[in-house]
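Each chain is listed here by its residues.
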Amino acid sequence: MTTKKAAFCVRLASVLAFCLAAGTPATGEQKLEQNHPTLTADGNVSVPAHSVAMPGSFSPEARKAFTDYFARGGDPAFSGDIFNIRRIYDEKWAGPILAQWEKRFPVKTERTTIDGVVVDIVTPEKGVPADKADKVLINFHGGGFILGNGGIGGRIEAVPIAGLAGYRVITVDYRQAPEAVYPAATDDAVTVYRALLKTYRPENIGVYGSSAGGMLTAQLVARLQKEKLPPPAAIAIMAAGAAKRGASDSSYWMLGLTGAQVTPQPAMLSMPQYFKAKDMEDPYAFPASSPAILAKFPPTLIVSSSRDALLGNALDTSANLVAAKVPNQLYVREGFGHGYFTQTPDVPEAIAAWQVAVDFFDRYLGKETDRN
């Protein structure tokens, strides 16, 4: 693995602003007191500075990718307006990762439109096997609803699935901020899904996405109910959840444990916003807050990791699915950060996460089930 390998950092669009309190040196009874967390009357916990070891469960490849990340100084410097940040993202971050994925899993990519929405259709270089010819997966890329457009972000997530399992993957280049605001991405998702229903039976369609794309996956399923369209056979919400983002243990701790920057760069403070304040109360934007909507979800896979700042959101979503009696599988990997499975093509744990998704879709696609 080269030092250009992207490691376990949180994507720029997912960086959260928080501070880790670092205690000052102390002696005697004062030192003993500071070495323990303290709880305030309102439930806040103060934690002294301490060292956290690299997880012992890491594979050799994972350990090397993690230390390589520090050796090269972390992520590229993202600066300027959103358009310059996108350029840096494509050229210095996502582009090199995509090249590594395509080297590992040779594919064919066709850039086209479906009812006016730009998509990339990714298939294995040797073609789609006969047992998957009547099946399709839809992907929504990550990037905080501001990054990842232009095809590169989606292909990072489409290539591993197509390469591992032979699925035809249609990754959607949905609209984002600042060019568009909620629910533009959901509108694009519904447009593509509705068009595919003309060719594929709903029980032969699966949907997945990472980070913002995971949220969009849940938003699509919610909107399909409103539009009275049949749900897909199964979905995978990866490195994300379907609940509103709020205070959580993971949002406080996990960026620091990955070595990512824990205070925002100046450019982050002026990042465009896809959601407006009123959207936070829309159950079709955050369906995990609506038991009625959630109860009609198809079987759902939730993939996260113990150092993902969105782990809390993923756990809450899984718990709400259980309460709604929706079949769901929760897969959380120890020690990895946000979207690790998209960023490290040569790390066995990343391949394992994609294999879990493949197995999940294999289990549900093509099966006759209650279509809600």
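Whatever comes next refers back to the structure up there.
Colleague: Now, about a nonpolar patch on the surface: what can you tell me, with residues and values included?
Modeller: Taken together, Leu315, Leu330 and Val332 make up a surface patch of nonpolar side chains, about 220 Å² in accessible area. Relative to the helices and strands, valine 332 resides in strand 10 (residues 328-337). Taking relative accessible area as the criterion, valine 332 reaches 36% and is therefore assigned partly exposed.

Colleague: Quick rundown of the packing of aromatic side chains? Include the residues and the values.
Modeller: Counted according to the given criterion, the structure contains 19 aromatic pairs. Arranged with centres 6.2 Å apart and planes meeting at 90 degrees, the rings of tyrosine 182 and tyrosine 274 form a pair that is edge-to-face. With tyrosine 182 in the loop between strand 6 (169-172) and helix 5 (184-196) and tyrosine 274 in the loop between helix 7 (249-258) and helix 8 (291-294), this pair connects stretches of sequence that are 92 residues apart. Among the aromatic residues, those joined into a ring-pair cluster are Phe58, Phe66, Tyr208, Phe336, Tyr340, Phe341, Trp354, Phe360, Phe361 and Tyr364. A cation over an aromatic ring shows up here: lysine 132 above the ring of tyrosine 167, its NZ or CZ 4.9 Å from the ring centre.

Colleague: Help me get a handle on the nonpolar core, residues and values and all.
Modeller: Formed by 103 residues in total, the largest nonpolar core has its most connected members in Phe140, Phe145, Ile161, Leu196, Tyr208, Phe297 and Phe341. Not counting the four nearest positions on each side in its chain, isoleucine 161 is found in contact with Leu137, Gly166, Tyr167, Val169, Tyr208, Trp354, Ala357 and Val358.

Colleague: Break down unusual backbone geometry for me, with residues and values.
Modeller: A cis geometry characterises the amide bond from alanine 177 onward to proline 178, with omega recorded as 10 degrees. Tyrosine 182 connects to proline 183 through a cis peptide bond whose omega is 10 degrees. Among the secondary structure elements, proline 183 is positioned in the loop between strand 6 and helix 5. The phi dihedral of lysine 228 is positive, around 60 degrees, even though this residue is not glycine. Look at lysine 228 and you get exposed, because its relative accessible area is 74%.

Colleague: Report on the packing of helix 4 (residues 152-165) against helix 11 (residues 348-364), specifying residues and quantitative values.
Modeller: The interhelical angle for the contact between helix 4 and helix 11, taken along N-to-C directions, is 70 degrees, at an axis separation of 10 Å. By the criterion of interaxial angle, the relationship of helix 4 to helix 11 is roughly perpendicular. Between helix 4 and helix 11 the crossing geometry is right-handed. On helix 11, the residues touching Glu157, Pro160, Ile161, Leu164 and Ala165 of helix 4 are Ile351, Trp354, Gln355, Ala357 and Val358. Each residue belonging to the contact of helix 4 with helix 11 can be placed in one class, and the counts come to 8 nonpolar, 1 polar and 1 charged.

Colleague: Please provide a residue-by-residue account of the environment of proline 96, values included.
Modeller: Topologically, proline 96 is positioned in helix 3 (residues 82-104). Taking the C-alpha atoms as reference, proline 96 lies 9.9 Å from isoleucine 152; in sequence the two are 56 residues apart. The residues touching proline 96, leaving out its near neighbours within four places in the chain, are Asp90 and Glu91.

Colleague: Could you give an account of the sheet that holds strand 8 (residues 234-238), with specific residues and numbers?
Modeller: Spatial ordering of the open sheet is given by 3-4-6-5-7-8-9-10, a layout of 8 strands whose pairing is mixed. Single-partner strands in this sheet number two, and they are strand 3 (107-114) and strand 10. With direction set aside, neighbouring strand axes in the sheet form an average angle of 20 degrees. Sheet analysis places strand 8 next to strand 9 (residues 300-307), joined by 4 bridges and oriented parallel. Pairing of alanine 236 across the sheet is with leucine 301, part of strand 9. Helix 11 contacts strand 5 (136-140), strand 7 (205-210), strand 8, strand 9 and strand 10 of the sheet and is inclined by roughly 175 degrees relative to strand 10.

Conventions we followed
Residues numbered from 1 in each chain as written. Predicted model: local features only at pLDDT ≥ 70, side-chain atom pairs only at ≥ 80, totals over all residues. Heavy atoms only, no water. Patch = residues over 30% accessible without salt bridge, like charges linked within 9 Å, V, L, I, M, F, W, Y side chains within 5 Å. Areas by Shrake-Rupley, 256 points an atom, 1.4 Å probe, with all protein chains shown as cover. Salt bridge = Lys/Arg side-chain N within 4 Å of Asp/Glu carboxyl O. Helix = DSSP H or I, 4+ residues; strand = E, 2+ residues; numbered from the N terminus. Buried < 20%, exposed > 50% of the residue type's maximum accessible area, 1.4 Å probe, protein only. Phe/Tyr/Trp six-rings, centres within 6.5 Å; stacked < 30°, edge-to-face > 60°. Lys NZ or Arg CZ within 6 Å of the ring centre and 35° of its normal. Core = buried A, V, L, I, M, F, W, Y, C linked by side-chain atoms within 4.5 Å. Contact = heavy atoms within 4.5 Å. Axes fitted to C-alpha atoms, helices over the stretch in contact; angles between N-to-C directions. Parallel < 35°, antiparallel > 145°, perpendicular 65-115°, else oblique. Left-handed = near helix turned anticlockwise from the far one by under 90°. Nonpolar A, V, L, I, M, F, W, Y, C, P; charged D, E, K, R; others polar. Pairing = 2+ DSSP bridges.

Any link to function would need more than the numbers given here.
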